[in-house]
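Chain and residue survey
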Amino acid sequence: MMMKLSLKRAGLASLVSATVLAGSLTTGCANMSDTDRRIGTGAGIGAVTGALISGGRPGGTAAGAIIGAGAGWLYDREKKRHYYYDRHGRRVYR
């Protein structure tokens, strides 16, 4: 009986989390810079991966999010090495 109740709670929490995540992905990133979007995406992917690897433990999820955010920042730095802005504010690729 207790197992069924905890599974129902876990299912409801997952549904609420997925709904909030979907809403934030569609509207929350509208005014973000490229750097912010890349770091946020890295943190999200890292958190999901950390949760899958650790079996849903909060420490593993947090560690995955931190590592993913760092990877997103590094990816952003690498992308920015390949372009610059000219005197008119236009992005020019090297």
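Since the structure is predicted, the reported quantities are computational estimates derived from the model, not experimental observations. (Residues numbered from 1 in each chain as written. Predicted model: local features only at pLDDT ≥ 70, side-chain atom pairs only at ≥ 80, totals over all residues. Heavy atoms only, no water.)

In this section: the pattern of salt bridges. The full count for this structure, using the stated rule, is seven salt bridges. As a salt-bridge pair, Asp 76 and Lys 80 come within 3.4 Å of each other at their nearest N and O atoms. With a gap of four residues between them, Asp 76 and Lys 80 both fall in helix α3 (residues 58-80), about one helical turn apart. Taking relative accessible area as the criterion, Asp 76 reaches 0% and is therefore assigned buried. (Salt bridge = Lys/Arg side-chain N within 4 Å of Asp/Glu carboxyl O. Helix = DSSP H or I, 4+ residues; strand = E, 2+ residues; numbered from the N terminus. Buried < 20%, exposed > 50% of the residue type's maximum accessible area, 1.4 Å probe, protein only.)

What follows covers the packing of aromatic side chains. Tallying each qualifying case throughout the model produces two aromatic pairs. When the ring of Tyr 83 is compared with that of Tyr 85, the centres are 5.8 Å apart and the planes differ by 85 degrees; the resulting orientation is edge-to-face. Exposure remark for Tyr 85: the relative accessible area of 47% places this residue in the partly exposed category. With centroids separated by 5.6 Å and ring planes inclined at 65 degrees, the aromatic side chains of Tyr 83 and Tyr 93 adopt a geometry described as edge-to-face. On the criterion of sequence distance, the pair formed by Tyr 83 in strand β1 (residues 83-85) and Tyr 93 in strand β2 (residues 91-93) is long-range, its members being 10 residues apart. Taking the relative accessible area as the measure of exposure, Tyr 93 reaches 57% and is therefore exposed. A network of ring pairs unites the aromatic residues Tyr 83, Tyr 85 and Tyr 93 as a single cluster. We note Arg 91 situated over the ring of Tyr 83; from NZ or CZ to the ring centre the distance is 4.2 Å. (Phe/Tyr/Trp six-rings, centres within 6.5 Å; stacked < 30°, edge-to-face > 60°. Lys NZ or Arg CZ within 6 Å of the ring centre and 35° of its normal.)

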